[in-house]
Amino acid sequence: NVEVMCYMQSYYPRIDRETLLPFVKDYNNIDTNEGWYPPGHGDLYESLYNSGLLDKLIEAGKEVLFISNIDNLGATVDLNILNHIMRANSKSQFIAEVTNKTRADVKGGTLIDYNGQAKLLEYAQVPHEHVDDFKCVKTFKIFNTNNLWISLEAIKDRLEQGILDRDIIENHKTLDDGRNVIQLETAVGAAIKNFPGAFAINVPRSRFLPVKQTSDLLLVMSNLYTLEAGVIKMSPKRQFPMTPLVKLGAEFKRIQHFLKRFQTIPDLLELDHLTVTGDVHFGRNVSLRGTVIIVANHGERIDIPSNSLLENKIVSGNLRILDH
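To keep things clear, this report deals only with the structure shown in the data block. (Residues numbered from 1 in each chain as written. Predicted model: local features only at pLDDT ≥ 70, side-chain atom pairs only at ≥ 80, totals over all residues. Heavy atoms only, no water.)

Here we come to helix α6 (residues 214-221). Among the eight residues of α6, six are classified as buried, and the element is accordingly described as predominantly covered. Buried residues of α6: Thr-214, Ser-215, Leu-217, Leu-218, Leu-219 and Val-220, and no others. Along its buried surface, α6 packs onto β12 (225-228), β14 (245-248), α7 (255-260) and β15 (271-277). (Buried < 20%, exposed > 50% of the residue type's maximum accessible area, 1.4 Å probe, protein only. Helix = DSSP H or I, 4+ residues; strand = E, 2+ residues; numbered from the N terminus. Contact = heavy atoms within 4.5 Å.)

This brings us to the sheet that holds strand β9 (residues 169-174). An order of β2-β10-β9 is seen for the three strands of this open sheet, with the pairing classed as antiparallel. A strand with exactly one partner marks an edge of an open sheet, and here the two such strands are β2 (15-16) and β9. Here six bridges tie β9 to strand β10 (residues 180-185), and the two strands are oriented antiparallel to one another. Of the residues in β10, the one forming a bridge with Lys-173 is Val-181. (Pairing = 2+ DSSP bridges.)

In this structure, β2 lies alongside β10, joined through two bridges in antiparallel fashion. Opposite Asp-16, over in β10, you have Val-181 as the bridge partner. Hairpin connection of β9 to β10: five residues between the antiparallel strands, including Gly-178 at a positive phi of 95 degrees.

What follows deals with the packing of aromatic side chains. To describe a pair of aromatic rings, one takes the distance between the centres and the angle between the planes. Considering all chains together, one arrives at ten aromatic pairs under this definition. Arranged with centres 5.6 Å apart and planes meeting at 45 degrees, the rings of Phe-134 and Phe-140 form a pair that is tilted. Take Phe-134 and Phe-140: they sit in the same class, and that class is buried. Between Phe-258 and Phe-262, the ring centres sit 5.2 Å apart and the planes meet at 55 degrees, which makes this aromatic pair tilted. Residue Phe-258 is classed as buried on the basis of its relative accessible area of 0%. Judged by relative accessible area, Phe-262 falls into the buried class, the value being 8%. One aromatic cluster is present, formed by Phe-252, Phe-258, Phe-262 and Phe-282 through successive ring pairs. When the ring centre of Tyr-114 is taken as origin, the NZ or CZ atom of Lys-119, which lies over that ring, is 4.4 Å away. Seen from the ring of Phe-252, Arg-261 lies directly overhead, with NZ or CZ sitting 5.3 Å from the centre. (Phe/Tyr/Trp six-rings, centres within 6.5 Å; stacked < 30°, edge-to-face > 60°. Lys NZ or Arg CZ within 6 Å of the ring centre and 35° of its normal.)

On to a nonpolar patch on the surface. On the surface, a nonpolar cluster with roughly 260 Å² of combined accessible area is contributed by Met-221, Ile-255 and Leu-259. When you line up the elements, Ile-255 lands in helix α7. (Patch = residues over 30% accessible without salt bridge, like charges linked within 9 Å, V, L, I, M, F, W, Y side chains within 5 Å. Areas by Shrake-Rupley, 256 points an atom, 1.4 Å probe, with all protein chains shown as cover. Salt bridge = Lys/Arg side-chain N within 4 Å of Asp/Glu carboxyl O.)

Next up on the list: the pattern of salt bridges. Counted by the stated rule, this structure contains 16 salt bridges. Linking Lys-56 and Glu-3 is a salt bridge whose minimum nitrogen-to-oxygen distance equals 3.7 Å. Linking Lys-56 in helix α2 (residues 53-59) with Glu-3 in the segment before β1 (12-13), this pair joins segments that are 53 residues apart in sequence. Take Lys-56: its relative accessible area is 43%, and that puts it in the partly exposed class. Notably, a salt bridge pairs Asp-165 with Lys-193, separated by 3.1 Å at the nearest N-O pair. Here Asp-165 is found in the loop between α5 (152-161) and β9, whereas its partner Lys-193 is found in the loop between β10 and β11 (199-202), with 28 residues between them in sequence. Among the residues examined, Asp-165 registers a relative accessible area of 42% and is labelled partly exposed. Under the relative-accessibility criterion, Lys-193 is labelled partly exposed at 22%.

A few words on the environment of Leu-219. Within the fold, Leu-219 resides in helix α6. Sequence separation of Leu-219 and Pro-266 is 47 residues, and the distance between their C-alpha atoms is 9.5 Å. The contact partners of Leu-219, leaving out residues within four places of it in the chain, are Leu-224, Tyr-225, Pro-244, Val-246 and Leu-268.

The next thing to look at is the nonpolar core. Judged by nonpolar contacts, the single largest core of 30 residues is most densely connected at Tyr-45, Phe-94, Ile-150 and Phe-195. Once residues lying within four places of it in the same chain are set aside, the contact partners of Phe-195 are Gln-93, Phe-94, Gln-117, Ile-150, Ala-154, Ile-155, Arg-158 and Leu-164. Judged by nonpolar contacts, the second largest core, of 29 residues, contains Leu-209, Leu-218, Val-220 and Ile-294. (Core = buried A, V, L, I, M, F, W, Y, C linked by side-chain atoms within 4.5 Å.)

Here we take up the sheet that holds strand β4 (residues 64-67). The sheet built from four strands is open, its strands ordered β4-β8-β5-β11 with mixed pairing. Either end of the sheet is taken by a strand with one partner, and the two such strands are β4 and β11. In this sheet, neighbouring strand axes are inclined to one another by 30 degrees on average, regardless of whether the strands run parallel or antiparallel. Two elements, β4 and strand β8 (residues 142-151), share four bridges in a ladder whose sense is antiparallel. Bridge pairing in β8 links Leu-65 to Ile-150. Across the sheet, α5 lies against β4 and β8, angled at about 90 degrees from β8, the strand it touches most. (Axes fitted to C-alpha atoms, helices over the stretch in contact; angles between N-to-C directions.)

Any functional reading would require information that these geometric values do not contain.
Structure, rendered in structure tokens:
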């Protein structure tokens, strides 16, 4: 049997960027959604502790907490990592999973050695003049997947000692009404610096499969992936291990619009790069290979016919098909 445990995350008041005062005037009114925000996944530790769930897990005999982003479909319990943690001579208190960067991950947080201790460096913490260095895959070859394995007892010990420190990230936002606010957030992986001996494991790309946008959803729904015993795996028919780079325009942003534009999901097994912008619709059994760019000009519509094969092609608004 699987027991699902729930807890409530914290909510913090937004800060007005001009006055640097809390956006919320009445702290008893939590119905004003624009005035509040969740302070990042770094709040997980305090939320588990304050809700009593941390103690409940420890009392039930649980030793290790596996954490992952909810949108990461590749994050499953890896018994090899768990076995390493549970070895008597190991008992690692904090392990972070990292994987090699691709063009799609240049803004992903990475791990650095800071005074002999592992530390998480997020994109938002990088000064503007060093952003290009941070995004260089030759300088920072790996990024944090946010798959974390942490000792429950170690979490409790550091919280009770008040030494579970995490860097605060200043996040600037603009509300729907145009007002500018500041959100102070923390990242769950930033706690790594509080665990001496913490380290990272470079895992296969298959353990990082996030679905944040419809471009990600297109890949997951395609024949690039198969589902085996609850684990999403890349199809063995794919010749290259890296996932294609897909960029879909604003017309595909909302899920209902995205689904209406595909009669069936195209064959992407041999795709390297896809860019689609404008009013574009796909027929049934379309195959996309190599680099495909489809651009519909404003006021025009492009319909990719059923059973079409586009390989290294540029399709423009007047339906001209050019070799790429």
